[in-house]
Amino acid sequence: MRLVKRYHAQVVLFGMLAVNFAVQPSTAWFDISKVLDTASDAIGSAKNVMKTSYKYVKTNGYCAFAECCNEVHIHSDVTELRNALQKSLFGQHIAGQVVLNAIGGHFENINKSVKPLVMSLHGLPGTGKNFVAEHVIRALYKKGADSNFVHKYLGRIHFPLQSEVESYKQTLLTDIKVAIAKCPQSLFIFDEVEKMPSGLFDAIVGLLDHHAYTKQLDFRQSIFIFLSNVAGPEIANRLKYLVDGGRWREETQLHDFESTLEIASYNLVGGLYKSELIESHVIDHFVPFLPLELRHVENCIRVEYSKYTNEKMSDEMLSAIVKEAITFDETGLYSNNGCKRVSKKVEALYYGQERKKLKKEL
C-alpha cells in the first residue's frame, strides 16, 4: 500500500504530461513524430533483414541441394542461347533472331509481364525446331531438360487419340495449373503438334491470354512453345516464290511468312486445326523454319563430326554422308529432311573409319 502511494504522484504526473504532449506536441522536449517515424523505419528495416535472411538461408540451405524456382536455378542466360544458335543453327536467320529476341524480352521484363510468352515453330523435319527448343531449355534452366520446371509433351505419346480429346483437355489443364503453382516461370513444350487431336488446346486459351492470373496462380511469367511440321511445304513454296522474284534468302523477314503459317495452321489437320488459340490471337510469334539447302546440311555434318575429333573432315567422307543422309525436293534445291538424319550417319561413318585405321595398325 505504501509502495502504491509512494509512486502514485509520479504516475499521475507522467499521465498528465503524456496527455499534454498529445494535445500540444510542441511542449515536449523530444519530437514524438520523429520517434514514431524512427520506430516505423526500424520495423521496416527489421522486416527487410528478415526477408533477406530468409532468402539467403533458403538459397544456401535447402535450395543448394534441391531445385527451387529462383534465379539460382532459372538463370535465363540469353547470351548462352545466342552463342549456341550462332554456332550451330544454320539457314535460319529469321527463327534464330525471333526466338532470341522473344526470350530475351520476356525475361528482361519478367516482373512486368502481362501474358505468357507463346511461340509456334513451324517447318519441315530437320530444319532445327527441336534443336532451338533444346537450347532454350539449356539456357534458361540450370538442370536443363532434367528440370522439374520443364514440361514436354509428345503428340503420339501423350495425346494419340482424337476420341479421347475431352479427357486430354482436363488432364492438360490440371497439369499446367499444378506446374504453375510450383513455379510461375515454367516452360511447356508441345512437340508433334500436327499429331495431336484438334481442339486439345482450346482448354488452355484462358491461361495464355493477357492478365492470366488469380490470387493462387500466375501464368504471366511462363513460356509455351509449340513445334509442328505443319506448313513446312507452304514455307518452302513461299521462299521459292520470293527467291524467284529476286530476293536473297537472307533478305527474307518474318512478315513474309507469318500470315502463311497462321492460315496453314488453322486450316490443316492437327492440334491447331480450327483452334481457339489462333482465333483468340494468343500466339505471339509464328516462327518459320526455312527449308535447308545443301550448304546448310554440310555445315550440320561438319559440326556433328567435330564432336568426335579435331581433325578436318575429308571431302570424301562429307560427300558420302550427304549421299546417305539427304534427299531433295523436286527442285533439287531444298533438302526434304534437313539435318534430321545427320547425327547417326556421322556417328556410324566415323566409327567405321576408326575401325579401318585400327585394322591397318594391327
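Residues numbered from 1 in each chain as written. Predicted model: local features only at pLDDT ≥ 70, side-chain atom pairs only at ≥ 80, totals over all residues. Heavy atoms only, no water.

Chemist: I'd love a proper account of the pairing of strand β5 (residues 285-289), names of residues and values included.
Modeler: Burial of β5 is extensive: four of the five residues sit out of reach of the surface. Pairing between strand β1 (residues 117-123) and β5: five bridges, direction parallel. By the bridge assignment, His122 is partnered in β5 with Pro288. (Buried < 20%, exposed > 50% of the residue type's maximum accessible area, 1.4 Å probe, protein only. Helix = DSSP H or I, 4+ residues; strand = E, 2+ residues; numbered from the N terminus. Pairing = 2+ DSSP bridges.)

Chemist: Let's hear about the confidence of the model for the protein chain: which residues, and what values?
Modeler: Of all residues in the protein chain, 83% attain a pLDDT of 70 or more, and the chain-wide mean is 88. Under a pLDDT of 50 for its full length, residues 1-5 has, in the predicted model, zero contacts with residues more than four places off or in other chains. (pLDDT = per-residue confidence, 0-100. Contact = heavy atoms within 4.5 Å.)

Chemist: Run through the sheet that holds strand β2 (residues 150-154), naming residues and quoting values.
Modeler: Taking strand neighbours across the sheet as the criterion, the five strands line up as β2-β3-β4-β1-β5 in an open arrangement whose pairing is parallel. Each of the sheet's edge strands pairs with one partner strand only, and the pair in question is β2 and β5. Averaged over all pairs of adjacent strands, the angle between strand axes in this sheet comes to 15°, irrespective of strand direction. With five bridges connecting them, β2 and strand β3 (residues 187-191) associate as parallel partners. Pairing of Leu154 across the sheet is with Asp191, part of β3. Of the strands in this sheet, β1, β4 (223-228) and β5 touch helix α4 (residues 93-108), which is tilted by about 150° from β5. Lying on the sheet, helix α10 (residues 258-267) is in contact with β1 and β5; it crosses β5 at an angle near 100°. (Axes fitted to C-alpha atoms, helices over the stretch in contact; angles between N-to-C directions.)

Chemist: How would you sum up the packing of aromatic side chains? Please name residues and give values.
Modeler: Evaluation of the coordinates by the stated rule reveals nine aromatic pairs. Taken together, a centroid distance of 5.5 Å and an interplanar angle of 65° make the contact between Phe159 and Tyr168 edge-to-face. Relative accessible area serves as the criterion here: at 4%, Phe159 is assigned to the buried category. Given a relative accessible area of 12%, Tyr168 falls into the buried group. Geometrically, the ring pair formed by Tyr305 and Tyr350 is edge-to-face, given 5.8 Å between the ring centres and 80° between the ring planes. Of this pair, Tyr305 sits in helix α12 (residues 294-305) while Tyr350 is found in helix α14 (residues 342-361), placing the two residues 45 residues apart along the sequence. For Tyr305, a relative accessible area of 3% corresponds to the buried category. Ring pairs connect the aromatic residues Tyr153, Phe159, Tyr168, Phe190, Phe201 and Phe226, which therefore count as one cluster. The lysine or arginine in question, Arg220, covers the ring of Tyr213, its NZ or CZ lying 3.8 Å from the ring centre. (Phe/Tyr/Trp six-rings, centres within 6.5 Å; stacked < 30°, edge-to-face > 60°. Lys NZ or Arg CZ within 6 Å of the ring centre and 35° of its normal.)

Chemist: An account of the environment of Ala320 is needed here, citing residue identities and associated values.
Modeler: Residue position: Ala320 is located in helix α13 (residues 315-325). Remark: the alpha-carbon pair of Ala320 and Leu349, spanning 29 residues in sequence, is separated by 8.7 Å.

Chemist: Any chance you could break down unusual backbone geometry for me, citing the residues and the numbers?
Modeler: Negative phi values dominate among residues other than glycine, just as trans dominates among peptide bonds. A positive phi angle is found at Ser76, which is not glycine, with a value near 40°. By secondary structure assignment, the location of Ser76 is in the loop between α2 (32-60) and α3 (78-88). On the basis of relative accessible area, Ser76 is assigned to the partly exposed category, the value being 23%. One non-glycine residue, Ala231, adopts positive backbone phi at about 80°. By the element assignment, Ala231 lies in the loop between β4 and α9 (232-244).

Chemist: Lay out the state of the cysteines with the relevant residues and their values.
Modeler: The tally for this structure, following the rule as stated, stands at three disulfides. The disulfide partner of Cys63 is Cys68, and the S-S distance across this bridge is 2.0 Å. Because the torsion about its S-S bond is -90°, the bridge between Cys63 and Cys68 counts as left-handed. Since its relative accessible area comes to 6%, Cys68 is described here as buried. Across the disulfide from Cys300 sits Cys339; the S-S distance is 2.1 Å. As the torsion about the S-S bond is roughly 80°, the Cys300-Cys339 disulfide counts as right-handed. Here Cys300 is found in helix α12, whereas its partner Cys339 is found in the loop between α13 and α14, with 39 residues between them in sequence. Cys300 sits in the buried class, given a relative accessible area of 15%. (Disulfide = S-S within 2.5 Å.)

Chemist: Help me get a handle on the packing of α3 against helix α5 (residues 129-140), residues and values and all.
Modeler: Axes are the key here: two packed helices are described by the angle between their axes and the distance separating the axes. With their axes 9 Å apart at the nearest point, α3 and α5 run at an angle of 150° to one another. By the criterion of interaxial angle, the relationship of α3 to α5 is roughly antiparallel. Seen along the crossing, α3 lies across α5 with a hand that is right-handed. Mapping the contact onto sequence places Glu80, Leu81, Ala84, Leu85 and Ser88 in α3 and Phe131, Val132, His135, Val136, Arg138 and Ala139 in α5. Residues belonging to the contact of α3 with α5 are distributed by class as follows: seven nonpolar, two polar and two charged. (Parallel < 35°, antiparallel > 145°, perpendicular 65-115°, else oblique. Left-handed = near helix turned anticlockwise from the far one by under 90°. Nonpolar A, V, L, I, M, F, W, Y, C, P; charged D, E, K, R; others polar.)

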